[in-house]
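Architecture and fold: a report
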Amino acid sequence: MPNDADLERQKEFERKQISGGLEKLREQTRTLESKSYASATCYGSASIRNLLPLFIESTNQKKEERIKYRAAGHEQKILTHVLDIDTESACAITLKIVFDKVFSYRKVNSTVTTVCDSVGKAIEAELQMRYYETTAPGLYKKLKEHYWHQSKGTEQKRKSMQTIFNKSDVQPWNAWDRKIKCQVGSWFVDRLCESSGWFERHTEFNRNKRVQYLHPTELFFKYKEQIVKNTEIFSPLSWPMIIEPRPWTEFQDGGYYLNDLRRCHEMVRRGVTLCIQGEKPREFLNKISKVQYLLNPFTVSIAEVLDERGTEVGKFRPIINHEIPPKPFDFYTNIESKKKWNKEKTEACNKNAQEFRISCRTRMTLNVMKEFKDKVYWIPWSFDYRGRAYPIPSFLTPQDTDFGKSLIKFAKESEITEDGKEWLAFQVATTYGLDKATMDERKAWPYIPKNAALIKRVATNPIDNLGDWEKAEEPWQFAAACEEFYSVVIAKSRSTTNLPVATDATCSGLQILAGLARDKSTAELVNVISSDKPQDAYKAIAEKSINNIPERLRPYWDRKTTKRTCLTIPYNAKPFSNRGYIKEALKDKGIEIDKDELTQCVSAVRQAMEEIFPGPMRVMRWIEKEVARAMKNGSTQLSWKTPSGFRVTQRLMKQKTKQVELKLLGRCRVSIPDEEIGVDVRHHRNATAPNLIHSLDASLLHISIRKFNPPIALIHDSVLCRATDMTYLSHLVRDTYMHLFAEHDYLQTFAEAIGAEDEPPMVGTLEAKSVIESTYFFC
C-alpha cells in the first residue's frame, strides 16, 4: 500500500486531472461559442437532443392546423415552402442555427432578422441539395465525395455544388428571395419559442433604432446550468496513475483515490447498478491494476524527432504543414495564373485544416507522453458488462493504437532466457507481418542474414532507416521489437527484457463454441488441438466453398475472401453483412460482382461453415431460438454467471427513434429519443451468442491470470507479457480452457440460466484435455 506522502502526490496529480479536464471543457465551450458553433457545446447538443421531440410534435400540430384551416394571409405565401421540407429536418436545422446564433460572441448574430434569415437559408440549402440528388444522383454523389471532406463551410459547399450543377445540363434550382427566406425562418423560430419557452424576442434600442434580438429565457438558463454542472462532473482527464490504484472490493470502488474521479468510473461499465460481482473477477482486476509500466525511451525518442519534422508513420500523425505557394509574378495581370494560384491556395488550406483534425489523437498522446516521461506508472482497469477488462485511461495503455502500444514497457525486467529469445524473435516477425506463419518460421525469421541486417539498421538508426520499418504491418511495435531483439539477442548490450510480447487466440469465437459443443472437427481447425503448424480455418472454408461459387470467381477465391465472413459468423453476422465483406474483398482484387453472384457466394460460404463447423452453427441457432422463447415468455433481460463468477446482465430495450439525415450540416444524423417501448427481442437474439463468447473468453483470462504473478496486460482476448514468461502463460491459458470445458458442461449451465426449454446441442467428439498440447492455441 502507498505511504502517506505517495498518496498525497497521487491526490495532487488527480486534482491536476480534475482541473485540467474542467479547463479543457470550458475552453472548448468558449472556442465553439466564439466560432458561432454553440450547437456543438455540451449544453447545446444536450438541449437540442432533449428539445427536438417536443419541437417536432408542436410543429406537426401547427402544420396540420394550417392545412386543415385556411392559413392567415401572411402565412399563405410561405406555407408551400414550409411544407416542402419534412418537419424533423426543419426542426433539427432550426435548433442548430438558433443555438449557433443566439450564443455567438457577436451580438449582431442574435438579432431576429439574422437568425430567421440564417434558418431560412439553411432550409433552402437542404432542399436545394435534395433537388440535386434527385435530378442528377450520379453527379451529386461524385461531387459530394470530392467536396464534403474538404475544409469548407456549409455555404461554401453549397456554392461549389451550385456552380458545378449550373454548368451542367440540370435544370437550375429556383432560388428563394431574401424575404421568403426570412419568413420561412421566422415561421420555424416562432414555433420553437412557442413549444419550448426557452427563447423570446426582446426589443432594444441601438443608435435610436428599434432592434429585435432573440434571447434565452430564465427557464433555459436554469436548464443550461444543470447540464453544464452534470457535464463538469464527468470532465476530469483520465490518465495513468503514479502510485498503485486503489483496490476494488465488495464495499468500495477502486482505481483513482479522489471521489471526483472515482464517480466517473464504475467497476462494470454499462452494467446493472448495485450488481455484486464474484471474488475472482475482483482479484483479477486488482492484480492487473498492480502492474507497473514505464515509457520505452527508444520509441519516445523517435516520436520526438518525427513530431518535430512533421513526418507521418502509420498511426503516428503529427501536424503536417502544407505551405501556401507564393503568388506568381503575373498574379495581377494574368487571370488564368490568378485562378491557378487561388486553387492551389485553397487546396493547401483545406489540407492544413484536415491535418489538424487527423493529428488529434497523436497530439494528445504526445502531451500525455511528456507528462509520464521517466516515470513509473500504473493503469487502473474496469470491466465491461460482459467481463472483458478495459483500461480506464485513454492513453499509454496496451489497448492504444500501434504507436501508443509501442511506447509501453513493463517496469520490472527479467533475465533473458533461451526461451525468451525465441519469443522476442516471435514478436519481431509477428509485428512485421508474419502473423499467419508457423511458429518455427516466425522464430527463425530474425536470424535470416538480410532480416538481421534490417533489424540492426532499425535498432541503431531508426530515423535514417525509416523506410525499413514504416512498411511493417505494425511499424511502431516492430521498431520497438527490433531494438529489444538487437540489444538483448544480437549485440547483447542488455541481459534483461521488459518488452510486452503479444499472443492472441486463433478464431476465439470458434474456439469457445468448439468447447461448448465439444466439437472436435472445429477444434482442430482453430488450433485447440495440437498440430505441427497453425491450422487455417479461413482457408478450409475457401477450399470447401469454391466449387459452389461462380466459375469466373474461382481464380480469386482464397482465405482473404472468406476471412471476415468466417470471423464474424460466430458473432451472429447475418447474410447481409456477409455480402458486404465478400464484395469488398473481391473489389480489393479488382473484381466486380453482381447481386446474383454475391448471393451464390454467401450461400456457399455459409453452407461450408455448416459442414465444417457443425457444433458452433448448431449452438448459435439454439441460442437464438431459446432467447426468442425467453422473451416471448415475459423475460425483460438475460443474466448468467461465468465460470469465474462474473455476473453478466443483458438488458436490451427498444427506443422509439427516428433518424434525420441532413445533406449539408456535417455529419448530422440526428436521433430523436423517446421512452422505452419494450424488449428488443431481435437485438437479444443477435447479441446473446457474441456476448456469451465474450463473457467466456473473459472468464478464461480471469481464472488464468489469478495464477500468474509476472507483469501482464490485456487487449480483449489477447494477452501481453515479457518474453521470458510467455511459455508459462500459454500453458496456463490452455490448462484453464481444458478445465473449463472438461470439468463443466457450461452450455447446460447457460441453458438453465436463461430458462431454455430444449436441451443444448452437443457434438461430443472433443476431449478437452487434448488442448493442453496445442502449440497454436495462443499465438
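My aim in this report is to walk through the structure given alongside it, one point at a time. (Residues numbered from 1 in each chain as written. Predicted model: local features only at pLDDT ≥ 70, side-chain atom pairs only at ≥ 80, totals over all residues. Heavy atoms only, no water.)

**Focus: unusual backbone geometry**
- Positive phi outside glycine occurs at Leu396, with the angle close to 55°.
- Here Leu396 is to be found in the loop between strand S7 (389–391) and helix H15 (402–406).
- The phi torsion at Lys492 lies on the positive side, around 55°, for a residue other than glycine.
- For Lys492, the position within the fold is in the loop between helix H20 (475–490) and strand S10 (496–497).
- Judged by relative accessible area, which is 59%, Lys492 ranks as exposed. (Helix = DSSP H or I, 4+ residues; strand = E, 2+ residues; numbered from the N terminus. Buried < 20%, exposed > 50% of the residue type's maximum accessible area, 1.4 Å probe, protein only.)

**Here we look at the sheet that holds strand S18 (residues 712–715)**
- Sheet architecture is open: three strands sit in the order S11-S19-S18, paired in antiparallel fashion. The open sheet has two edge strands with one neighbour each: strand S11 (501–503) and S18. Taken over all neighbouring pairs, the strand axes of this sheet differ in orientation by 25° on average, direction set aside.
- With four bridges joining them, S18 and strand S19 (residues 718–721) adopt antiparallel strand pairing. Opposite Ala713, over in S19, you have Leu720 as the bridge partner. (Pairing = 2+ DSSP bridges. Axes fitted to C-alpha atoms, helices over the stretch in contact; angles between N-to-C directions.)

**A few points about the state of the cysteines**
- Tallied over the entire structure, the rule returns zero disulfides.
- With no disulfide partner, Cys42 has as its closest neighbouring cysteine sulfur the one in Cys264, 14 Å distant.
- This cysteine, Cys116, is not joined by any disulfide, and Cys182 carries the nearest cysteine sulfur, 6.8 Å off. (Disulfide = S-S within 2.5 Å.)

**Remarks on helix H8 (residues 178–196)**
- Relative to the 27 Å expected for 19 residues at 1.5 Å per residue, H8 spans 27 Å between its end C-alpha atoms, a close match to the ideal helical length.
- Buried residues dominate H8, accounting for 14 of its 19 residues.
- A distance of 3.2 Å separates the backbone nitrogen of Lys179 from a side-chain oxygen at the start of H8, and that oxygen is part of Asp177.
- A positive phi of about 70° marks Gly197, the residue just after H8. (Expected span 1.5 Å × (residues − 1). Polar contact = N/O pair within 3.5 Å; in protein donor to acceptor, adjacent residues only side chain to side chain.)

**Quick notes on the pairing of S19**
- Taking every second residue as pointing to the same face, both faces of S19 are buried, with Ser718 and Leu720 on one and Val719 and Cys721 on the other.
- Across three bridges, the pairing between S11 and S19 is antiparallel. Its bridge partner being in S19, Val501 is matched across the sheet by Cys721.
- Counting the residues between successive antiparallel strands, the hairpin from S18 to S19 contains two residues, one of them, His716, with a positive phi of roughly 60°.

**Quick word on the environment of Ser695**
- Locating Ser695 in the fold gives a position in helix H28 (residues 681–706).
- Taking the C-alpha atoms as reference, Ser695 lies 54 Å from Glu344; in sequence the two are 351 residues apart.
- Ignoring any residue separated from it by four or fewer positions in sequence, one finds Ser695 in contact with Arg386, Trp640, Thr642 and Val648. (Contact = heavy atoms within 4.5 Å.)

**Thoughts on the packing of helix H16 (residues 418–432) against H20**
- Two elements in contact, H16 and H20, have axes whose closest approach is 9 Å; the angle formed by their N-to-C orientations is 155°. Classed by the angle they form, the pair H16 and H20 counts as roughly antiparallel. Crossing hand, H16 versus H20: left-handed. Contacts from Lys421, Leu424, Ala425, Gln427, Val428, Thr431 and Tyr432 in H16 reach Gln477, Phe478, Ala481, Cys482, Glu484, Phe485, Val488 and Val489 in H20.
- Its residues assigned to classes, the contact of H16 with H20 comprises 10 nonpolar, three polar and two charged. (Parallel < 35°, antiparallel > 145°, perpendicular 65-115°, else oblique. Left-handed = near helix turned anticlockwise from the far one by under 90°. Nonpolar A, V, L, I, M, F, W, Y, C, P; charged D, E, K, R; others polar.)

**Comments concerning the sheet that holds S7**
- One open sheet holds the three strands; their spatial order is S3-S6-S7, and the pairing between them is mixed. Only two strands of the sheet have a single partner each, and these edge strands are strand S3 (268–269) and S7.
- By the bridge criterion, two bridges tie S3 to strand S6 (residues 381–384) in an arrangement that is parallel. When the sheet's bridge partners are listed, Arg269 is paired in S6 with Asp384.
- Helix-sheet contacts for helix H11 (residues 279–289) involve S6 and S7, and the interaxial angle to S6 is about 140°.

**A short note on the packing of helix H24 (residues 559–568) against helix H25 (residues 575–588)**
- At their nearest, the axes of H24 and H25 sit 8 Å apart, and the two run at 160° to each other. Classified by the interaxial angle, the pair formed by H24 and H25 is roughly antiparallel. The element H24 and its partner H25 pack so that their crossing is right-handed. Where H24 approaches H25, its residues Lys560, Thr561, Arg564, Thr565 and Thr568 are matched on the opposing element by Asn578, Tyr581, Ile582, Glu584, Ala585 and Leu586.
- By residue class, the composition of the contact of H24 with H25 is four nonpolar, four polar and three charged.

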